[in-house]
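Overview (structure and organization)
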Amino acid sequence: MAVFPMGGPGRQTGNGSSKACGLTVPSPPLSASRFHSTAAGPPKRSRKGKKISVRYDSVDGGSQEEEEADSKRLKWEPGNWRQQLENIREMRRHKDAPVDQMGAEKCFDSGAPPEVMRYQVLLSLMLSSQTKDQVTSAAMLRLREHGLTVDNVLQTDDGTLGQLIYPVGFWKNKVKYIKQTTAILKQQYGSDIPGTVEELMKLPGIGPKMAHLVMAIAWNNVTGIGVDTHVHRITNRLRWVKEETKTPEETRVALEDWLPRDLWGEINWLLVGFGQQICLPVSPRCQECLNRDICPAAKRC
């Protein structure tokens, strides 16, 4: 957009005239009357020296001033977190925790069509809630032997489905959620699963943790940190949250506020296995932990 001086898009000529729209308009002589009025009335205040603040909008809608302020504002992050993370990576180097052998990434049929694999990932995560990986893995194996597809699950009666998934935690509720979710997938998604967190969370029995893990495993798209009881417990012990959090969802929001996004994808896998082997819910093995000297919750006995 062109910006013109006050008075319109004209240009001053050498003889004191201005040209606008092809017409030559004489300009008044530069006499003192232009600066000092002899008419009665209060004198006009001079505009000289008045500061004008200019605000530039950035491409994303924010202002240049806001962006500069944000860049100067230091974001909170916990002390020693990088060293703690490296130590956990070292302790998880052998990948021999239950989650490494029987987690959701190991429970689906890798030779099935893509939409079937995604459906199996979704169901494995639904079964895993409040359930040990060993129990989830065994239930998934029985379901796959039975025929773990949308059509086959819809044709399976609730009693049989319950026998196949027992003894996963809250198995009766999960039978109901599985049947309801599977019917929705058949009717609304062509037997595939939704491709966004928002749509996944509309399915019965699916919360934020499951939705973000489904996106990462089934769609290879890291949209957030999957926070379960292990991640919730360990990040509070390490003080990776600015203030103590009460729920996994509060922990997810707190972590995503400071943790670099390129690390989101590995946090669940790292901390779940670490929680299964070292940082146990009860009687954690602090003496075996490489973070024992820099962990706020370590038992140094």
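Preceding this paragraph is the structure being described.
Some points on the overall build of the chain
A tally of helices and strands in the chain yields 13 helices and 3 strands. The burial tally for the chain puts 38% of its 301 residues in the buried class. Here the contacts in the chain between residues at least 6 apart in sequence split such that 58% fall between residues at least 24 apart. Total accessible area on the chain stands at roughly 19,000 Å², and carbon and sulfur atoms take up 52% of it.

Quick look at the environment of Gly265
Its location among the elements puts Gly265 in helix α13 (residues 264-277). Among the residues examined, Gly265 registers a relative accessible area of 48% and is labelled partly exposed. In this structure, the C-alpha to C-alpha distance between Gly265 and Leu213, residues 52 residues apart in sequence, is 9.0 Å.

Here's the deal with the pattern of salt bridges
A pair can form between side chains of opposite charge whenever their charged atoms are brought close. Enumeration over the complete set of coordinates arrives at 9 salt bridges. The residue Asp158 makes a salt bridge to Lys179 at a minimum N-O spacing of 3.0 Å. With Asp158 in helix α7 (residues 158-165) and Lys179 in helix α8 (residues 171-188), this residue pair connects regions lying 21 residues apart in the sequence. Owing to a relative accessible area of 44%, Asp158 belongs among the partly exposed residues under this scheme.

Here we look at helix α12 (residues 248-258)
Every buried residue of α12 is accounted for by Thr251, Arg252, Leu255, Glu256 and Trp258. Tucked into the core, α12 has its buried residues touching α2 (81-91), α10 (208-218), α11 (229-237) and α13.

With respect to the packing of aromatic side chains
Counting across every chain of the model gives 4 aromatic pairs. Arranged with centres 6.2 Å apart and planes meeting at 90°, the rings of Trp76 and Trp258 form a pair that is edge-to-face. With Trp76 in the loop between α1 (64-72) and α2 and Trp258 in helix α12, the pair connects residues that are 182 residues apart, well separated along the chain. We classify Trp76 as partly exposed; its relative accessible area is 29%. Between Trp81 and Trp258 the ring centres are 5.0 Å apart and the planes differ by 70°, which places this aromatic pair in the edge-to-face class. Placement of Trp81 in helix α2 and of Trp258 in helix α12 is noted, with a sequence separation of 177 residues between them. Exposure remark for Trp81: the relative accessible area of 3% places this residue in the buried category. Residue classification places Trp258 among the buried residues on the basis of a relative accessible area of 8%. One aromatic cluster is present, built from ring pairs that chain together Trp76, Trp81, Trp240 and Trp258. A cation over an aromatic ring shows up here: Arg92 above the ring of Trp269, its NZ or CZ 4.3 Å from the ring centre.

Regarding the side chain of Asp100
As for its placement among the helices and strands, Asp100 is situated in helix α3 (residues 98-102). Here Asp100 falls in the buried class, since its relative accessible area comes to 8%. Among the polar contacts listed, one links the side chain of Asp100 to the backbone nitrogen of Asp96, at a separation of 3.2 Å. With residues up to four places along the chain from it excluded, the contact list for Asp100 reads Arg92, Lys95, Lys106 and Trp269.

Rules used throughout
- Residues numbered from 1 in each chain as written.
- Predicted model: local features only at pLDDT ≥ 70, side-chain atom pairs only at ≥ 80, totals over all residues.
- Heavy atoms only, no water.
- Helix = DSSP H or I, 4+ residues; strand = E, 2+ residues; numbered from the N terminus.
- Buried < 20%, exposed > 50% of the residue type's maximum accessible area, 1.4 Å probe, protein only.
- Contact = heavy atoms within 4.5 Å.
- Areas by Shrake-Rupley, 256 points an atom, 1.4 Å probe, with all protein chains shown as cover.
- Salt bridge = Lys/Arg side-chain N within 4 Å of Asp/Glu carboxyl O.
- Phe/Tyr/Trp six-rings, centres within 6.5 Å; stacked < 30°, edge-to-face > 60°.
- Lys NZ or Arg CZ within 6 Å of the ring centre and 35° of its normal.
- Polar contact = N/O pair within 3.5 Å; in protein donor to acceptor, adjacent residues only side chain to side chain.

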